[in-house]
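One-letter residues, chain by chain:
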Amino acid sequence: MLLIHLLRPIARAIDWIPLAATGAAAVLMAALIDAGSPLGSGTAFTLLRMTGVMLGAAAGFAVIDEMTASTAATPVPRALRQWVRCAYGGLAAGASWGAACAVASARLAGGGSLRVAGLAVEAAVCVTLGLLAASVAGRAHQGKAAALAGTGALLTVFSVTLVLRGPYWPWLYPGEANWEVVHYGWAAVLPPALLALGRANRG
């Protein structure tokens, strides 16, 4: 019952602008890149991967709780408030990514295909890490500074993974030898990331 009563006020308290702007940009890019011609599979993969990272960074703004500095202002446990915020941020980011994926899939050149399941796992990990980074930063910073710190941490990790090439590079493309193995790795990262998010959201 308490959870139900929290949904509306927390939804109103969240700064939706970063997620809304990023989600709209993702869908528009999927629709407008190479407008007037079919979308190549490689371009679609790159776009959706970039979208996953962008939405992960934007989702971090949903976890910023201005009441954290004064927990006496509310009888609601911090952990519950933060989980509701994370759920809102994660669901909004997932919906935006799904919309961009649907648009990109509809525009694929004849015979082209997307490994949607693998891409979706990548996006889920990126969004979870974005929420985690902002939640951890929120213990040391207040307001938007926490979200910006979380965004910086996520983009730093992303940049490092781009540089560290190898046979198990996380950003392999379908057809490369270790695609399946690498995506088992992506899937294995998700549960501990969610557990870490749970610990970060504790009161």
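Structure: see above.
Residues numbered from 1 in each chain as written. Predicted model: local features only at pLDDT ≥ 70, side-chain atom pairs only at ≥ 80, totals over all residues. Heavy atoms only, no water.

So, the side chain of Arg49: which residues are in play, and what are the values?
Of note, Arg49 is situated in helix α3 (residues 41-59). Polar side-chain contacts of Arg49 include one of 2.9 Å to the side chain of Glu122. Leave out the neighbours within four places in its chain, and Arg49 touches Leu119, Glu122, Pro170, Trp171, Leu172, Tyr173, Trp179 and His183. (Helix = DSSP H or I, 4+ residues; strand = E, 2+ residues; numbered from the N terminus. Polar contact = N/O pair within 3.5 Å; in protein donor to acceptor, adjacent residues only side chain to side chain. Contact = heavy atoms within 4.5 Å.)

Quick rundown of the packing of aromatic side chains? Include the residues and the values.
Evaluated as defined, the whole model comprises five aromatic pairs. The interplanar angle of 80° and the centroid separation of 5.5 Å between the aromatic rings of Phe158 and Trp171 together place this pair among those described as edge-to-face. Pair noted here: Phe158 is in helix α6 (residues 144-163) and Trp171 is in the loop between α6 and α7 (179-200), with a separation of 13 residues, a long-range link. The exposure class assigned to Phe158 is partly exposed, which follows from its relative accessible area of 23%. By way of ring pairs, the aromatic residues Phe45, Tyr173 and Trp179 are connected into one cluster. When the ring centre of Tyr173 is taken as origin, the NZ or CZ atom of Arg49, which lies over that ring, is 4.9 Å away. (Phe/Tyr/Trp six-rings, centres within 6.5 Å; stacked < 30°, edge-to-face > 60°. Buried < 20%, exposed > 50% of the residue type's maximum accessible area, 1.4 Å probe, protein only. Lys NZ or Arg CZ within 6 Å of the ring centre and 35° of its normal.)

Tell me about the pattern of salt bridges, and please be specific about residues and values.
Side-chain pairs of opposite charge can arise whenever the charged atoms involved come near each other. For the coordinates displayed, the defined rule picks out three salt bridges. Asp15 is the salt-bridge partner of Lys144, the closest N and O atoms lying 3.6 Å from each other. Of this pair, Lys144 sits in helix α6 while Asp15 sits in the loop between α1 (2-13) and α2 (17-32), and the two are 129 residues apart along the sequence. (Salt bridge = Lys/Arg side-chain N within 4 Å of Asp/Glu carboxyl O.)

Before we move on, can you summarise unusual backbone geometry with the specific residues and values?
Phi angles above zero are rare outside glycine, and Asp34 is one such case at about 55°. With respect to the helices and strands, the residue Asp34 is situated in the loop between α2 and α3.

Please provide a residue-by-residue account of the packing of helix α5 (residues 116-137) against α6, values included.
At their nearest, the axes of α5 and α6 sit 7 Å apart, and the two run at 135° to each other. In terms of orientation, α5 lies oblique with respect to α6. Seen from above, α5 lies across α6 with right-handed handedness. Contacts between α5 and α6 involve Cys126, Leu129, Gly130, Ala133, Ala134 and Ala137 on the former and, on the latter, Ala146, Ala149, Gly150, Ala153 and Leu154. (Axes fitted to C-alpha atoms, helices over the stretch in contact; angles between N-to-C directions. Parallel < 35°, antiparallel > 145°, perpendicular 65-115°, else oblique. Left-handed = near helix turned anticlockwise from the far one by under 90°.)

Which residues make up α7, and what values go with them?
Here α7 is 22 residues long and its end C-alpha atoms lie 31 Å apart, about the 32 Å a rise of 1.5 Å per residue gives. Residues of α7 that are buried include every one of Trp179, Val182, His183, Trp186, Ala193, Leu197, Gly198 and Ala200, and no others. Its buried side turned inward, α7 meets α3, α4 (78-106) and α5. (Expected span 1.5 Å × (residues − 1).)

Please set out the environment of Val181 residue by residue, giving values where relevant.
For Val181, the location among the structural elements is in helix α7. Expressed as a C-alpha distance, the spacing of Val181 and Pro170, which sit eleven residues apart in the sequence, is 9.8 Å.

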